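Take a look at the letters that make up each chain.
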Amino acid sequence: MKTILMTGASGGVGTFLRKELANRYRLRLSDMRPITNIAAGESFMAGDCASPDDMLRVTAGVDGIIHLGGYSVEGPWETILQSNIIGTYNLYEAARRNGVKRVIFATSNHAMGFYKRTERIDHTAYPKPDGRYGLSKMFGEGVARLYADKYDVSSLCIRIGNVAMQPIDVRRLSIWISPRDLAQLIGIGLEYPDLRFEIVYGASDNARGWWDNANAHRLGYRPVDRSEDFAAEVLRAHPATTGDAMADAYQGGGFCTAEMVENPAK
């Protein structure tokens, strides 16, 4: 059984994935915040992505990495810089130095947020970040490309929509991914033979989706969950528009106009 490092493991996505990946891998959980509910097959090592020494320590001796660590919403430049830009570089450099050859990079739909909702894009579309957070994910994809080509550290970059048990509003009907579908993509990223560098979208089988995820399907992804199963409930509870014309026009939603978004880690 492979040992897989999961950074940012105390967050919402990490919590979902711990359940989905249990019994498939030995999970080394890492975060700045302590995790006390350690299950069988899990271990914990504290670490800050902004610290090169911490990243060298937590990546030593693992077979692969799921990099969820960082600041997960729009925020101040210095916070984004340290957590997401310097932090992602530190993670990849530590992987290189420790001989780790496979990384799953949790990028974001916000790297593409300034595409209009009337446009359908695939993995080859040029990034259009909708803020500092999206810009940092664009940078992370660039780091992944560099380390694949120059240092033979392979990466699957997953442009995640919204991970939850079900979509909770109209926008999320287009971008939602269930925990088990995300776990399927991560399994592909960790196990696919001869993978070098690929970008896919983290989305379930969403009839209202804006993304052509053919590249994920080429790698074997077969989503089992559908946002349309929840559409009637969502549309009864939520208006089709938010009142913010730019947010309603672009795929990034409220991130296209927000300067700050409440940090879900607080």
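Here's a quick rundown of the structure. Note that the structure is a prediction, hence the values are computed from the model and not measured. (Residues numbered from 1 in each chain as written. Predicted model: local features only at pLDDT ≥ 70, side-chain atom pairs only at ≥ 80, totals over all residues. Heavy atoms only, no water.)

**Regarding the packing of helix α2 (residues 52-59) against helix α3 (residues 77-98)**
Between two packed helices, what matters for the description is the angle formed by their axes and the separation of those axes.
Right, on to step 1. The geometry of α2 relative to α3 is characterised by a closest axis approach of 8 Å and an angle of 45 degrees between their N-to-C directions. In terms of axis orientation, α2 runs oblique to α3. When the axes of α2 and α3 are compared, the crossing they make is right-handed. On α3, the residues that touch Pro52, Met55, Leu56 and Thr59 of α2 are Asn90, Leu91, Ala94, Ala95, Arg97 and Asn98.
Right, on to step 2. Among the residues forming the contact of α2 with α3, the class breakdown is six nonpolar, three polar and one charged. (Axes fitted to C-alpha atoms, helices over the stretch in contact; angles between N-to-C directions. Helix = DSSP H or I, 4+ residues; strand = E, 2+ residues; numbered from the N terminus. Parallel < 35°, antiparallel > 145°, perpendicular 65-115°, else oblique. Left-handed = near helix turned anticlockwise from the far one by under 90°. Contact = heavy atoms within 4.5 Å. Nonpolar A, V, L, I, M, F, W, Y, C, P; charged D, E, K, R; others polar.)

**Here's the deal with empty space enclosed by the protein**
Right, on to step 1. Taken as a whole and judged by the stated rule, the model has one cavity of 30 Å³ or more.
Right, on to step 2. Each pocket or cavity is described by its volume, and for the largest cavity that value is around 30 Å³.
Right, on to step 3. Looking at the lining of the largest cavity element by element, the count peaks at three residues for strand β5 (residues 102-108).
Right, on to step 4. Its residues placed into classes, the lining of the largest cavity shows nine nonpolar, no polar and no charged. (1 Å grid on protein atoms, 1.4 Å probe; cavity = no way out; pocket = protein on both sides within 12 Å on 5 of 7 lines; lining within 4 Å. Points joined across faces, edges and corners; volume = space filled by probe spheres on them.)

**Focus: the pairing of β5**
Right, on to step 1. Counting buried residues along β5, seven of its seven residues qualify, which places the element largely inside the surrounding structure.
Right, on to step 2. Across the two faces of β5 the burial is the same, with Arg102, Ile104, Ala106 and Ser108 and Val103, Phe105 and Thr107 all buried.
Right, on to step 3. Here strand β4 (residues 64-67) pairs with β5 via three bridges, running parallel. By the bridge assignment for β5, Ile65 is matched with Val103.
Right, on to step 4. Read from β4 through α3 to β5, the crossover connection turns out right-handed.
Right, on to step 5. Relative to strand β6 (residues 154-160), β5 is paired through seven bridges, and the arrangement is parallel. Paired with Ser108 across the two strands is Ile160, which belongs to β6. (Buried < 20%, exposed > 50% of the residue type's maximum accessible area, 1.4 Å probe, protein only. Pairing = 2+ DSSP bridges. Right-handed = clockwise from strand over helix to strand, strands pointing away.)

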